[in-house]
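# Fold and contact review
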Amino acid sequence: MVEYEGLKPGSVLDIYLDLNHWYTLGRAVSGHGDKPTREIYTKLRELVQSGAIRLPLSSVHYMELTENPNDIQRRQAGDAMRELSRFVAMAPLTKVVREEMRESFYNRFGRPFRQPVPKFGVGAGFAFGEPDFLGLKNRTDEQRAELERRTGLSISELTARLQARAEYMLLVGPNGEQRQQLEGYDPYAARRMADEELKSFNIMVETLRIDPDISQRPQDAIWARELLHDVYDAYLETCAAGGFISNSPFRDKEGYSDFLLSLPTTRVSIMMKFHYLRDVKREWKINDFRDIHALSLAIPYCDVVVTDKKAWDVTVNRAHLDTAFGTRIFSKLGQLVDYLGEVV
């Protein structure tokens, strides 16, 4: 749990918002939203300030916001995120999967040892699993004293201000003119990686459509790809840590299936993909993968999730993930505020 001013340990509700809702709140922050939206923003701000709720960001927020070419939208959403999230962030999915695997192995085999991972931290560095990027702590005593003399601030105060400014800039990125001037700046690098992921996934989709045998066993295809493609590195590391030299601790297909479904993040991923794939004519998009990536973390580890209508339908009406994890899932900010009025 992240400590920040006003936070009440043990009573805070963690609420994940899809990026489209941050855009809506951004318009309210700028004064351009309609009256109901401004009232929602005001209520959320009050609850954040009181320490009743947190609105954590994920790595998906950073990637998607960076790719938006609209300077005004990015800045408005960034303003809302700065005020309401306070840069609280969720851990990287890769780290959480490794923790879940060790926990599942330990419960089954008594090894390897568990390695708990904090699910919430602060900043882009935490969201992407990278170390802090500010280096004031490494300055000499003389340098620190000179900085304090010149700024009139303590090192801790200066670091906090620089960190907040840097976090905001990481969210909104440079404006259009600056983007053209910055050599090597590429806001779409993550999207090109996602393009390759989509191509790989579509091979399985096409196989499900044309192979009569595989088409009758869609979950087998999804489970196999999830293990051998999405979480395989973590699986090999866990096997090695547990001393499973053959990398085959499970006896049959059912054993592997039960193992994968015991991992909260992987369970969300598998079930969302399965229900999406039941629509055989569906054309998969990068945003589908990013929704699944973000919700794989948010649904198991947040108290409330507000997503889009499509993801809400799949997670609630088809996969029933809200019931499975005890997480309230909505598609509208108004529904969130009504719920908070009942429980906070």
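Residues numbered from 1 in each chain as written. Predicted model: local features only at pLDDT ≥ 70, side-chain atom pairs only at ≥ 80, totals over all residues. Heavy atoms only, no water.

## What about the pattern of salt bridges?
For clarity, the cut-off: For this document, the term salt bridge refers to a Lys or Arg side-chain nitrogen within 4 Å of an Asp or Glu carboxyl oxygen. In this text, helices come from DSSP runs of H or I with a minimum length of four residues, and strands from runs of E with a minimum of two, each type numbered from the N-terminal end. Buried, partly exposed and exposed residues are distinguished by accessible area as a fraction of the type maximum, computed with a 1.4 Å probe on protein chains only: under 20%, between the cut-offs, and over 50%, respectively.
This structure, assessed with the given rule, holds 19 salt bridges. Between Arg225 and Glu197 there is a salt bridge; the shortest N-O distance is 3.7 Å. A residue pair is termed long-range when its members are at least 10 positions apart, and Arg225 in helix α12 (residues 218-230) and Glu197 in helix α10 (residues 189-210) qualify at 28 residues. Relative accessible area serves as the criterion here: at 11%, Arg225 is assigned to the buried category. Classification of Glu197 by relative accessible area gives partly exposed; the value is 24%. With its nearest N and O atoms 3.4 Å apart, the salt bridge here joins Asp220 to Lys253. Note that Asp220 is positioned in helix α12 and Lys253 in helix α14 (residues 253-262), a separation of 33 residues in sequence. On the accessibility criterion, Asp220 (16% relative accessible area) is buried. Here the salt bridges do not stand alone but share partners, grouping Glu197, Arg225, Glu226, Asp230 and Lys273 into one network.

## Remarks on the packing of helix α5 (residues 93-109) against α14
Keep this limit in mind: Think of each axis as a best-fit line through the C-alpha atoms, taken over the contacting stretch in the case of a helix, with angles from 0 to 180 degrees between the N-to-C directions. Any angle that is under 35 degrees is reported as roughly parallel, and any over 145 degrees as roughly antiparallel; angles of 65 to 115 degrees are reported as roughly perpendicular and all others as oblique. By the definition used in this description, the sense in which the near helix is turned from the far one sets the handedness, with an anticlockwise turn below a right angle giving left-handed and a clockwise turn giving right-handed. Between two residues, a contact is recorded if the distance between any of their heavy atoms is within 4.5 Å. Gly is put with the polar residues, along with every residue not named as nonpolar or charged; the nonpolar set is Ala, Val, Leu, Ile, Met, Phe, Trp, Tyr, Cys and Pro, and the charged set is Asp, Glu, Lys and Arg.
Remark: α5 packs on α14, axes separated minimally by 9 Å, with the N-to-C direction vectors making an angle of 130°. Judged on the interaxial angle alone, α14 and α5 are oblique. Classified by chirality, the crossing of α14 by α5 is right-handed. Taking contact as the criterion, the partners of Met101, Ser104, Phe105 and Arg108 in α5 are, on α14, Asp258, Phe259 and Ser262. For the contact of α5 with α14, the class distribution of residues is 3 nonpolar, 2 polar and 2 charged.

## Topic: the packing of aromatic side chains
Applied cut-off: Here the aromatic set is Phe, Tyr and Trp, taking the six-membered ring for Trp, and pairing holds for ring centres within 6.5 Å; pairs whose planes are under 30 degrees apart are stacked, those over 60 apart are edge-to-face, and all others are tilted. Look at NZ for Lys and CZ for Arg. If either is within 6 Å of the ring centre and within 35 degrees of the ring normal, a charge sits over the ring.
Evaluated as defined, the whole model comprises 18 aromatic pairs. Both rings, one in Phe105 and one in Phe244, keep their centres 5.5 Å apart while their planes meet at 80°; by these two values the pair is edge-to-face. With a gap of 139 residues between them, Phe105 in helix α5 and Phe244 in the loop between α13 (232-242) and α14 connect regions that are remote in the sequence. For the pair Phe105 and Phe244, one class covers both residues: buried. Ring pairs connect the aromatic residues Phe105, Phe109, Tyr232, Tyr235, Phe244, Phe250, Tyr256 and Phe259, which therefore count as one cluster. The ring of Phe120 carries Arg54 above its face, with NZ or CZ at 4.7 Å from the centroid. Over the aromatic face of Phe244 sits the side chain of Arg111, whose NZ or CZ is 4.1 Å from the ring centroid.

## Let's talk about α14
Given 3.6 residues to a turn, an α-helix orients residues that are three or four positions apart in the same direction. Those residues of α14 that sit buried are Gly255, Tyr256, Ser257, Phe259 and Leu260. On its buried face, α14 sits against α5, α12, α13 and α15 (264-277).

## Things to note about the nonpolar core
Nonpolar side chains in soluble globular proteins generally cluster together in the buried interior. Applied cut-off: The term nonpolar core refers to a set of buried residues drawn from Ala, Val, Leu, Ile, Met, Phe, Trp, Tyr and Cys, joined through side-chain atoms within 4.5 Å.
One finds Met101, Tyr235, Phe259, Met272, Leu277 and Trp284 to be the most contacted residues of the largest nonpolar core, which totals 55 residues. Broken down by secondary-structure element, the contributors of at least two residues to this core are α5, α10, α12, α13, α14, α15, α16 (286-301) and α17 (309-318). Here this core gets 8 residues from one element, more than from any other, and that element is α16. The residues contacting Leu277, other than those within four sequence positions of it, are Phe201, Met204, Val205, Leu208, Ile222 and Trp284. Ranked by size, the runner-up nonpolar core spans 38 residues in total, among them Leu13, Leu84, Leu336 and Leu340.

Everything listed here is a matter of geometry and, on its own, says nothing about what the molecule does.
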